[in-house]
Amino acid sequence: MASEPSVGEPARTRGGDGVIHDIGYRHYDGPRLGRGYARLSLFTQSLRGAYGLGRSAKSKALPMVLFVVVCMPAAIVVAVAVATGGDELAVGYSEYTLQLQPVTGIFIAAMAPQAVSLDLRFKTVPLYFSRPIERQDYVLAKYAALAAAIFVFTAAPVLVLYVGALLGELGFADQTGKFAGGLVLCALFSLLHAGIGLTIAAVTPRRGFGVAAIIAVLTVPYFLVSALQEIAVEQEQRGLTGWIGLGSPGSLLDGIQGAYLGGITLFPGGRELAGVEGLAYLLCIVALIGGTYLLLLRRYRKAGL
């Protein structure tokens, strides 16, 4: 009876025409960490990538510059409040996040395509879906990572305002309540804009197209809504401004902070929203967050084929 070939020794087939080489591969015997570890790893990698961590200095430049830009006005507001000894900050916590939307929009437009477009462009998505990760795991990790990155970006200046208010002895209980409302708005802002940004970016593997499309979606409807609200006020139809505000992501969040978080809306005249209007804003935001997530799941059912 013929003996088994040793490692590296060719083994001939019965017909004698082919040779099978045993090159000594061994099976993996280590721990298998499963889907949870894969999701966490993808989340961590994507979150770090949003700020260029673990990448070249060039990749860190834009997010870090934008981070400084979004925090600098908060530091100035705090310095003025402390120096003048005022009893209130010049701008509210939730209002600050909305007023700095242009800077945050640039950050989202740059980071959302970075999170998903490159995987589509270089066709690496099927590698993620080999095992053990599945499509819903990929979407959830990317969505959570971008939302977390946006939350850090928007909440950091709000934290600067809060710390400055406490240093200025503006009242712990009052400032803490307003600070909590500001964080709630940051969370809603992050979830809504992460869904919108990723949905648009996942449509095309071209990063430049994704950046341009995200900027257009975040800015054009907002300016259109603002113009229509101004027209409604001039026509003495002030009651319509609230319903018109449902037409863009930025004005949606403005309505939320005016209806539920004790802020003053940036709508013409700074009007408060009625109960039905506030509920409509809340339902619209929930629908947009859920809808963009479902659209991403649908997009990635075909992305790996």
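## Some remarks on the overall build of the protein chain
Moving on, step 1. Check the secondary structure of the protein chain and you find eleven helices and two strands.
Moving on, step 2. Its helices and strands taken in sequence order, the protein chain reads β-β-α-α-α-α-α-α-α-α-α-α-α from the N to the C terminus.
Moving on, step 3. Burial statistics for the protein chain: of 305 residues in total, 41% are counted as buried.
Moving on, step 4. Considering only residue pairs separated by 6 or more positions, the protein chain has 73% of its internal contacts joining residues 24 or more positions apart.
Moving on, step 5. For the protein chain, the computed accessible surface area is about 16600 Å², with 65% contributed by carbon and sulfur atoms.

## Quick look at the pattern of salt bridges
Moving on, step 1. Across all of its chains, the model carries six salt bridges by this definition.
Moving on, step 2. Of the charged contacts, one joins R35 and E134 as a salt bridge, the two residues approaching to 3.9 Å between their closest N and O atoms. Residue R35 is located in helix 1 (residues 34-50), and its partner E134 is located in the loop between helix 5 (125-128) and helix 6 (135-167); the two are separated by 99 residues in the primary sequence.
Moving on, step 3. Residue R35 is classed as partly exposed on the basis of its relative accessible area, which comes to 32%.

## Brief notes about the packing of helix 10 (residues 249-259) against helix 11 (residues 275-302)
Moving on, step 1. The interhelical angle for the contact between helix 10 and helix 11, taken along N-to-C directions, is 135°, at an axis separation of 9 Å. If you check the angle between helix 10 and helix 11, you find them oblique. Considering only the axes of helix 10 and helix 11, their crossing is left-handed. Along the contact surface, helix 10 presents S251, L252, L253, G255, I256 and A259, while helix 11 presents G278, Y281, L282, C284, I285 and L288.
Moving on, step 2. Within the contact of helix 10 with helix 11, the residues separate by chemical class into nine nonpolar, three polar and no charged.

## Points about the packing of helix 2 (residues 57-84) against helix 4 (residues 101-121)
Moving on, step 1. Contact geometry for helix 2 and helix 4: axes closest at 10 Å, N-to-C directions at 165°. Our classification of the angle between helix 2 and helix 4 gives roughly antiparallel. As helix 2 packs across helix 4, the resulting crossing turns out to be left-handed. Residues L62, P63, L66, V69 and V70 of helix 2 form the contact with helix 4, whose participating residues are V103, I106, F107, A110 and M111.
Moving on, step 2. Its residues assigned to classes, the contact of helix 2 with helix 4 shows ten nonpolar, no polar and no charged.

## Digging into empty space enclosed by the protein
Moving on, step 1. Tallied over the entire structure, the rule returns one cavity of 30 Å³ or more.
Moving on, step 2. Roughly 40 Å³ of internal volume is contained in the largest cavity.
Moving on, step 3. No other element matches the three residues that helix 6 contributes to the lining of the largest cavity.
Moving on, step 4. Among the residues forming the lining of the largest cavity, the class breakdown is five nonpolar, three polar and no charged.

## Considerations on the environment of V286
Moving on, step 1. Here V286 shows up in helix 11.
Moving on, step 2. Between the C-alpha atom of V286 and that of L188, which follows or precedes it by 98 residues, the distance is 9.2 Å.

## Focus: helix 1
Moving on, step 1. For helix 1, spanning 17 residues, the distance from its first C-alpha to its last is 25 Å, which sits close to the expected 24 Å at 1.5 Å a residue.
Moving on, step 2. In this structure, the buried residues of helix 1 make contact with helix 2, helix 4, helix 5 and helix 6.
Moving on, step 3. Just downstream of helix 1 lies G52, where phi reads positive at about 75°.

## Description of the side chain of T154
Moving on, step 1. Note that T154 resides in helix 6.
Moving on, step 2. T154 gets classed as buried once you look at its relative accessible area, which sits at 3%.

## Brief notes about unusual backbone geometry
For residues besides glycine, phi is generally negative; the peptide bonds are generally trans as well.
Moving on, step 1. The residue E169 is not glycine, and still its phi comes out positive at about 55°.
Moving on, step 2. Along the polypeptide, E169 turns up in the loop between helix 6 and helix 7 (172-201).
Moving on, step 3. Residue class for E169 comes out exposed when judged on its relative accessible area of 72%.
Moving on, step 4. Look at E236: it is not a glycine, yet its phi comes out positive at around 60°.
Moving on, step 5. Checked against the element boundaries, E236 lands in the loop between helix 8 (207-234) and helix 9 (240-244).

Rules and cut-offs
Residues numbered from 1 in each chain as written. Predicted model: local features only at pLDDT ≥ 70, side-chain atom pairs only at ≥ 80, totals over all residues. Heavy atoms only, no water. Helix = DSSP H or I, 4+ residues; strand = E, 2+ residues; numbered from the N terminus. Buried < 20%, exposed > 50% of the residue type's maximum accessible area, 1.4 Å probe, protein only. Contact = heavy atoms within 4.5 Å. Areas by Shrake-Rupley, 256 points an atom, 1.4 Å probe, with all protein chains shown as cover. Salt bridge = Lys/Arg side-chain N within 4 Å of Asp/Glu carboxyl O. Axes fitted to C-alpha atoms, helices over the stretch in contact; angles between N-to-C directions. Parallel < 35°, antiparallel > 145°, perpendicular 65-115°, else oblique. Left-handed = near helix turned anticlockwise from the far one by under 90°. Nonpolar A, V, L, I, M, F, W, Y, C, P; charged D, E, K, R; others polar. 1 Å grid on protein atoms, 1.4 Å probe; cavity = no way out; pocket = protein on both sides within 12 Å on 5 of 7 lines; lining within 4 Å. Points joined across faces, edges and corners; volume = space filled by probe spheres on them. Expected span 1.5 Å × (residues − 1).

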